[in-house]
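As a plain string of letters, each chain reads:
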Amino acid sequence: MAEPASSARFLLLHLSLGAGAMFAASYVAAVADVWRGANLACLADATGATDPARTLVTCTDRVSWWQGLAVLGAPVALVVATVVAAALVPAWLTRRRRVVERDLDPTVAETLRRLVADAGLSGAPLWCTAPGLTGDPFTYGSPPRVVLGPHLYRLLRRGHATAVVRHELGHVVNRDVGRTYRALLAVGLFGAAIVLPLALSRPDPGFAVRFALLTAVGALTWLAVLRTREHDADRLAATWDPAGMTAALAAARPPRGRLPWWLRTHPTPAHRLAALHAPDRVAVAESLATGIAAAVALIETSAVLATVLDGTVHGTRWLAFLLAAALLAVPITTILGTRPPRSRWACGTALAVGLLVGSQLSPRAGPWLGSVSFSGAGVEPAAALTTVPAWTALGLGVALLLGCVGWFHRPHAVAIGLLLGVWFLLLGTAVDGSPLNPTAVTVAPPPPNTRQAGYTCAWLGATGPAAFGRPGLAEHLLRADDLLLREIGRAWGTETARTALVRRCGLLIRYGRQR
């Protein structure tokens, strides 16, 4: 049996929440006061040390590893907490709702046995009830417990309400019961452990807007998951009793309230009836959300990989982007490539727009780059298109659009991995080569030991943006009364050191000009 459409949207939800967790961790560990304090501590340790350069490098190496651990550890911690909490849900729900197993009379038992046989289940679920349950039935636990209200058992005794039971069995066959509770817990933990603390910390307004947009993508995806699983259960139940499911949905009363359909947890009977015999297709909104979440996750993952690899600038950047794209290629293909799109052009355009928007939502495209992490000795993939000439940005956008539309004609994980890896590398290269960016100056390659210049950027970020207003920033750095800077100047020569500083401090200098 093919995987239901809700499986793809469950994966999209986790991708969105993971991207949000990485976004928040990147801001806290690499941008906010935590980063600045760590660098000031390293600078204090190096001051007066016998070998200040080595002391500073050792300390900042340790800080960069902790930054990478925080960015990758945030989504992992969210998954672990979700799994642990999900293991406790069945026992809690049994006590909370006072669920007990129901003694079935022969007529009801035979009806339920026939429905289970039609569903093709090897074993029957536990048929339960709960005192005072008058609303919709629900299913939970493993083995699954189907909880029906007393009124439904009375209807089953008279041969009615079989469509309701078939719908619940559809959830069991689709194996979406446990996933739904895990997704609900993941959303709750994300809100309680990430969104709420960040909101109370009064973050930078630019960060707050970007994070709010990313959080909205996760919230809307969660609502889409709930609606889609209902459609999946309806479609499966209709294969066992088409006439019964159609009649039951046609007779159902519409829900109260005036919420638009995309803010509802359950689809209306009219939507359910329309979707009953229609195959599920990849939606435009789904493609847009996938692009946004994937872009944020790719940029953050590539920055951490650059820290881990920590080689030459261009080699590290290539490898970091391609590895990050390869990691995300499989979930993207699973979400968008296993079902036909409603329109290849529309979904491809939405995916391209989502990737563009997500790249600009990333913390590394934000206006707070004066405090950007120096993990990976300055090879962080900056993504701010505002620093790229208009024709360059247009060319990048058109290339991405054509690539995404073409991918929908023959979706494959290798193809999307190469497309994203190369495109984001070109984006980072275009940002580094922008006329607004001092790194655009054509100069000889810096010496092999440019790690020291990268840590000079760390010193610059730790001391704050006060130096940005001074004319001749590179010369000012070389004249600064700091042992490390003077040692770099003596070892490499003034012009070589100036070149290295300009190339490696490009993000910080650009931030200063924007101020």
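Everything numeric in this text was worked out from a predicted model, so none of it was measured. (Residues numbered from 1 in each chain as written. Predicted model: local features only at pLDDT ≥ 70, side-chain atom pairs only at ≥ 80, totals over all residues. Heavy atoms only, no water.)

All right, on to the overall build of the protein chain then. Assigned secondary structure in the protein chain consists of 20 helices and four strands. Here the protein chain holds 515 residues, and 51% of them are scored as buried. For the protein chain, contacts bridging at least 24 residues in sequence account for 78% of all contacts bridging at least 6. By element, 64% of the accessible surface of the protein chain is carried by carbon and sulfur atoms, the whole surface being about 23300 Å². (Helix = DSSP H or I, 4+ residues; strand = E, 2+ residues; numbered from the N terminus. Buried < 20%, exposed > 50% of the residue type's maximum accessible area, 1.4 Å probe, protein only. Contact = heavy atoms within 4.5 Å. Areas by Shrake-Rupley, 256 points an atom, 1.4 Å probe, with all protein chains shown as cover.)

Now for the sheet that holds strand 1 (residues 100-101). Across a sheet, strands are paired by hydrogen bonds formed along the backbone, either parallel or antiparallel in direction. The sheet built from four strands is open, its strands ordered 1-2-4-3 with mixed pairing. Where the open sheet ends on each side, the last strands, each with one partner, are strand 1 and strand 3 (138-140). Examined bridge by bridge, strand 1 and strand 2 (residues 126-129) share two bridges and lie antiparallel to one another. When the sheet's bridge partners are listed, glutamate 101 is paired in strand 2 with cysteine 128. (Pairing = 2+ DSSP bridges.)

Our next topic: the nonpolar core. Grouped together as the largest cluster of nonpolar side chains are 69 residues, with contacts concentrated most on Leu355 and Phe424. Not counting residues within four places of it along the chain, the set of residues in contact with phenylalanine 424 comprises Ala295, Leu298, Ile299, Phe321, Leu355 and Ser359. Core analysis: the next-biggest nonpolar cluster, separate from the first, contains 23 residues, Trp127, Tyr153, Leu156 and Val165 among them. (Core = buried A, V, L, I, M, F, W, Y, C linked by side-chain atoms within 4.5 Å.)

Before going further, it helps to examine a nonpolar patch on the surface. Together, Trp318, Leu322, Val414, Leu418, Val422 and Leu426 make up a nonpolar patch on the protein surface, roughly 530 Å² of accessible area in all. Only helix 12 (313-336) and helix 15 (413-432) provide two or more residues apiece to the nonpolar patch. Per-element tally for the nonpolar patch: the top contributor is helix 15, with four residues. Of note, valine 422 is situated in helix 15. (Patch = residues over 30% accessible without salt bridge, like charges linked within 9 Å, V, L, I, M, F, W, Y side chains within 5 Å. Salt bridge = Lys/Arg side-chain N within 4 Å of Asp/Glu carboxyl O.)

A few words on the pairing of strand 2. Bridging between strand 2 and strand 4 (residues 145-147) involves three bridges; their strand directions are parallel. Of the residues in strand 4, the one forming a bridge with leucine 126 is arginine 145.

On to the confidence of the model for the protein chain, then. As a general rule, the predicted coordinates of low-pLDDT regions are not to be interpreted in detail. With 74% of its residues at a pLDDT of 70 or more, the protein chain has an overall mean of 78. A low-confidence stretch, residues 368-381 (pLDDT under 50), is modelled with 63 contacts involving residues beyond four sequence positions or located in other chains. Across residues 433-515 the pLDDT falls below 50, and counting only partners more than four positions away or on other chains, this stretch makes 143 contacts in the model. (pLDDT = per-residue confidence, 0-100.)

With that settled, the discussion passes to helix 6 (residues 162-174). In this model, helix 6 (13 residues) spans 18 Å end to end at C-alpha, consistent with the 18 Å of a helix rising 1.5 Å per residue. Of all 13 residues that make up helix 6, twelve are buried, and the element is covered over most of its length. Within helix 6, the full set of buried residues consists of Thr162, Ala163, Val165, Arg166, His167, Glu168, Leu169, Gly170, His171, Val172, Val173 and Asn174. (Expected span 1.5 Å × (residues − 1).)

With respect to the secondary-structure elements, isoleucine 292 resides in helix 11 (residues 284-309). The spacing of isoleucine 292 and leucine 361 is 69 residues in sequence and 8.1 Å in space, taken between C-alpha atoms. If we ignore the near neighbours within four places in the chain, the residues touching isoleucine 292 are Leu214, Val217, Gly354, Leu355, Val357, Gly358 and Leu361.

This paragraph deals with unusual backbone geometry. In this structure, the amide linkage connecting serine 142 to the following residue, proline 143, adopts the cis form with an omega of 0°. Mapped onto the elements of the fold, proline 143 is located in the loop between strand 3 and strand 4. Even without a glycine there, the phi angle at arginine 98 is positive, about 55°. Mapping arginine 98 onto the fold places it in the loop between helix 3 (52-97) and strand 1. Judged by relative accessible area, which is 55%, arginine 98 ranks as exposed. One non-glycine residue, alanine 161, lies in positive phi territory at about 65°.

Moving on to the environment of proline 269. Structurally, proline 269 is set in helix 10 (residues 269-275). By relative accessible area, which is 13% here, proline 269 ends up buried. For the pair proline 269 and leucine 249, spaced 20 residues apart in sequence, the C-alpha to C-alpha distance is 5.7 Å. Setting aside chain neighbours within four positions, we find proline 269 in contact with Leu249, Ala252, Arg253, Pro254 and Pro255.

The interhelical angle for the contact between helix 6 and helix 8 (residues 205-240), taken along N-to-C directions, is 110°, at an axis separation of 8 Å. With respect to helix 8, the element helix 6 is oriented roughly perpendicular. Between helix 6 and helix 8, the contacting residues are Arg166, His167, Leu169, Gly170, His171, Val173 and Asn174 on the first element and Arg229, Glu230, Asp232, Ala233, Asp234, Leu236, Ala237 and Trp240 on the second. Among the residues forming the contact of helix 6 with helix 8, the class breakdown is six nonpolar, four polar and five charged. (Axes fitted to C-alpha atoms, helices over the stretch in contact; angles between N-to-C directions. Parallel < 35°, antiparallel > 145°, perpendicular 65-115°, else oblique. Nonpolar A, V, L, I, M, F, W, Y, C, P; charged D, E, K, R; others polar.)

Moving on: the packing of helix 13 (residues 344-361) against helix 14 (residues 390-409). Relative orientation of the contacting elements helix 13 and helix 14 amounts to 135°, with a least axis distance of 8 Å. Relative to helix 14, the element helix 13 is oriented oblique. For the pair helix 13 and helix 14, the crossing hand works out as right-handed. Contacts between helix 13 and helix 14 involve Arg344, Trp345, Cys347, Gly348, Thr349, Leu351, Ala352, Leu355 and Leu356 from the first element and Gly397, Leu400, Leu401, Cys404, Val405, Trp407, Phe408 and His409 from the second. (Left-handed = near helix turned anticlockwise from the far one by under 90°.)

Here the focus is the packing of aromatic side chains. Following the criterion strictly, the structure yields eight aromatic pairs and no others. Between phenylalanine 207 and phenylalanine 211, the aromatic rings sit 5.6 Å apart at their centres with planes inclined by 10°, giving stacked as the arrangement. Placement of both phenylalanine 207 and phenylalanine 211 in helix 8 is noted, with a separation of four residues, approximately one turn of the helix. Accessibility expressed as a relative area gives 0% for phenylalanine 207, which makes it buried. Measuring from centroid to centroid gives 5.0 Å for tryptophan 423 and phenylalanine 424, while their planes differ by 85°, and the two rings are edge-to-face. Considered together, tryptophan 423 and phenylalanine 424 belong to a single accessibility category, that of buried residues. Members of the aromatic cluster, connected to one another through ring pairs, are Phe23, Tyr27, Phe190, Phe207 and Phe211. (Phe/Tyr/Trp six-rings, centres within 6.5 Å; stacked < 30°, edge-to-face > 60°.)

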